[in-house]
Amino acid sequence: MKFLVVMYNEAKKQHKNNYISYEQYFSLLIWPFILLCNSYYSYRPFITEGFMSYFTTRELIFFLVTGHVCYICFWSMVETAWDLEYERYSGTLEVLFLSSANKLAVIYGRALSAVIQICWLYMVICIGYFLLIGEVNFSIILQSLLVFLVLCVSSVIWGGLLNTIFLFSRDATFLVNILDEPMVLFSGVRVPIEIMPIWVKLISSIYPLTHVLSFVRTLFNSQSNSLDIRQLAILSILLIMTVIATAKLVGLAERKNRLSGEFNFY
Amino acid sequence: MLSAKNITKTYNVKNKRGLFKNNENSQVKALKGVNLEVQSGEIVGLLGKNGAGKTTLIKIISMLMEPTDGSLTIDGIDGLRSYEKAKSLINVITGGERNLYWRLNAVENLEYFGSLYSIPRDILRKRIEYLMKIFELDKYNDLPVERYSKGMKQRLQIARGLINDPKYLLLDEPTLGLDVDIAADIRNYLKFLAESEKKGIVLTTHYLDEAEELCKNVSIISDGEILESGSIQSLKSKLSMTPKTNIKMTYESKDEFLKYLSSMNIQSNNLNFSQDKKTLSCKYDTDMLYKTNLIHEFIKAGARIVDIRSEDYSLEDVVLELLA
């Protein structure tokens, strides 16, 4: 119970501290839309000239929309991790470690604060999707809620790992670049993993986003339209392993900082 | 009681030599066997120059940093082994405008920091109400902290440090850069916390007048070692520092005045002459001044005594003497 209270209060504080105007909520929609347009118009010449045999236009749009929406949810977690740098500079990280609060709860609370961004983006996309297909039934709503749940849980657990990396050092940006930027390529956000070489497939299997995307695309695909239990099981195992690794790393980060006293090093 | 015994801290420092060269490793001893004790209701001053080891000691006592050697007990709890348990007994307040969320208001800040200690909701609400009232912040609750004055931010810092109702408070330069009247208010709060709420307080400050006003006992730290500890009076007597007397005189002719002193074998190198106003001032050990009847000799030399003022040694003199 204490764990959940700390997690909730951390998420509440982060949200109040970072979202101070309504304009920010609308800006959250603009950036993903630009990314999506960028990807679509990069592919478009190949579609019209007949070079592309893998996708039809409709399939490509579905592929890119699902890829980008899920990627943005994961990317929003990077922002919460970068924000730890600010906490280090402003001395609030030191105050946090001064307390007896469960640090893992704090880490997940920070990641949870980005869920509001995910909710808003996902809600707008769902409404757009419902309008596009012209019908709303119980099955579609259930599918949307299931995807939302999988997306939130996976991205928060991923966010916990990224936040923990930033506990080690103020100079952790390079680690996030290694873990996060290649996620676009290795998770199949813009290009299907199926057509990638084997070494890319191997790397892609460690990213939770790969499995989330595979699950979502199978569920929403008009041809298959089924629940990919195998993919969900792989994702669950990967997420449990990520939680265990995060818990270990939080302990190591605290130990390292207690030895060096660098909670507010800047 | 808070007791830190034989605290030693050695840092491993990597000296970077270049991208393709091995780093040189060296060790820096920041603290060398430091002892410090604080009782409930007592304010202990920790004084020393920049880099003397004050902040490192504060970090170790607050359990933010692990010492290389030594022991720390807080009301019988081992602060090195059971530090998560001992953390609820302690809090740290620093000077300056850090350690707060500027976009949140005072209550939101206090609610968040209180939640880190898992304080039950109704108790936390009452505590925040009480702190907002005694630190006179209750009128400004609609404002985010970024719109607070420096003094208000410092008051909120102290409220933050008290949110878990700690038995011991560690204050690192709490009045740094504040206006005189605001600093006086903060000192009054600290006296109130020690006297009425029986908090044990460790105070590091560069303002020695502040330490003299607040602290019963002080420890003077230099280069990672405690040079002296005890009450300010005991330090003065230990260093056999005798009171001095300042004398201010007027004179008619400087040459005649000096000639007379010379004839009486009285040294004149500590006399400060002011040419335009024909005044001079000097400082002597009070005992020596009266034993040698020097004032009488000055009058004979043609001086007119304007002011005689005896001066006790300040804490600043004690610190300077020790650090020298």
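Fair warning: this is a prediction, and the values are worked out from it, not measured in the lab.

A. Expanded view of the overall build of chain B. A tally of helices and strands in chain B yields 12 helices and 14 strands. For chain B, whose C-alpha radius of gyration is 26 Å, the value lies well above the compact-globule estimate of 20 Å for 324 residues. Along the first, second and third principal axes, the C-alpha atoms of chain B reach 80 × 55 × 45 Å. Of all 324 residues assigned to chain B, the portion counted as buried reaches 35%.

B. Local environment of the sheet that holds strand E13 (residues 279–285) of chain B. Residue and element names in this part refer to chain B. Read across the open sheet, the four strands follow the order E12-E13-E11-E14; overall the sheet is antiparallel. In this open sheet, the two edge strands, each paired with only one partner strand, are strand E12 (272–274) and strand E14 (304–311). Each neighbouring strand pair of the sheet contributes to a mean axis angle of 15 degrees, computed without reference to strand direction. Pairing geometry for strand E11 (residues 244–250) and E13, over seven bridges, is antiparallel. Note on E13: the bridge partner recorded for Lys-244 is Asp-285.

C. Spotlight on the interface of chain B and chain A. Contact residues are listed per partner, giving 24 residues for chain B and 23 residues for chain A. Elements with a minimum of two residues in the side of chain B that touches chain A: helix H1 (54–61), strand E6 (90–94) and helix H3 (106–115) of chain B. With four residues, the top contributor of residues to the side of chain B that touches chain A is H3 of chain B. Here the residues of the side of chain B that touches chain A sort into nine nonpolar, eight polar and seven charged.

D. Inspection of the packing of helix H5 (residues 103–112) of chain A against helix H7 (residues 138–168) of chain A at higher detail. Residues and elements named next belong to chain A. Interaxial distance between H5 and H7 falls to 8 Å at its minimum, and their mutual angle equals 120 degrees. As the angle between them shows, H5 and H7 are arranged oblique. For the pair H5 and H7, the sense of crossing is right-handed. Contacts between H5 and H7 pair Ile-107, Tyr-108, Arg-110, Ala-111 and Leu-112 from the former with Val-156, Gly-159, Gly-160, Asn-163 and Thr-164 from the latter.

E. The sheet that holds strand E5 (residues 77–78) of chain B, seen in detail. Residues and elements named next belong to chain B. Spatially, the four strands line up as an open sheet ordered E2-E1-E4-E5, and their pairing is antiparallel. For this open sheet the edge positions go to strand E2 (24–38) and E5, each flanked by a neighbour on one side alone. By the bridge criterion, two bridges tie strand E4 (residues 69–74) to E5 in an arrangement that is antiparallel. For Thr-73, the partnering residue across the bridge sits in E5 and is Asp-78. Lying over the sheet, H1 contacts strand E1 (2–15), E2 and E4, oriented at roughly 115 degrees with respect to E1.

F. How the structure looks around the domain arrangement of chain B. Split into domains, chain B comes out as domain 1 (2–238) and domain 2 (244–312). Spacing between the C-alpha centres of domain 1 of chain B and domain 2 of chain B amounts to 48 Å.

Criteria and thresholds
Residues numbered from 1 in each chain as written. Chains lettered and ligands numbered in written order. Predicted model: local features only at pLDDT ≥ 70, side-chain atom pairs only at ≥ 80, totals over all residues. Helix = DSSP H or I, 4+ residues; strand = E, 2+ residues; numbered from the N terminus. Rg over C-alpha atoms; globule rule 2.2 N^0.38 Å. Buried ≥ 20, exposed ≤ 12 C-beta atoms within 10 Å, placed from the backbone. Pairing = 2+ DSSP bridges. Axes fitted to C-alpha atoms, helices over the stretch in contact; angles between N-to-C directions. Contact = placed C-beta atoms within 7 Å. Nonpolar A, V, L, I, M, F, W, Y, C, P; charged D, E, K, R; others polar. Parallel < 35°, antiparallel > 145°, perpendicular 65-115°, else oblique. Left-handed = near helix turned anticlockwise from the far one by under 90°. Domains from an automatic or database assignment.

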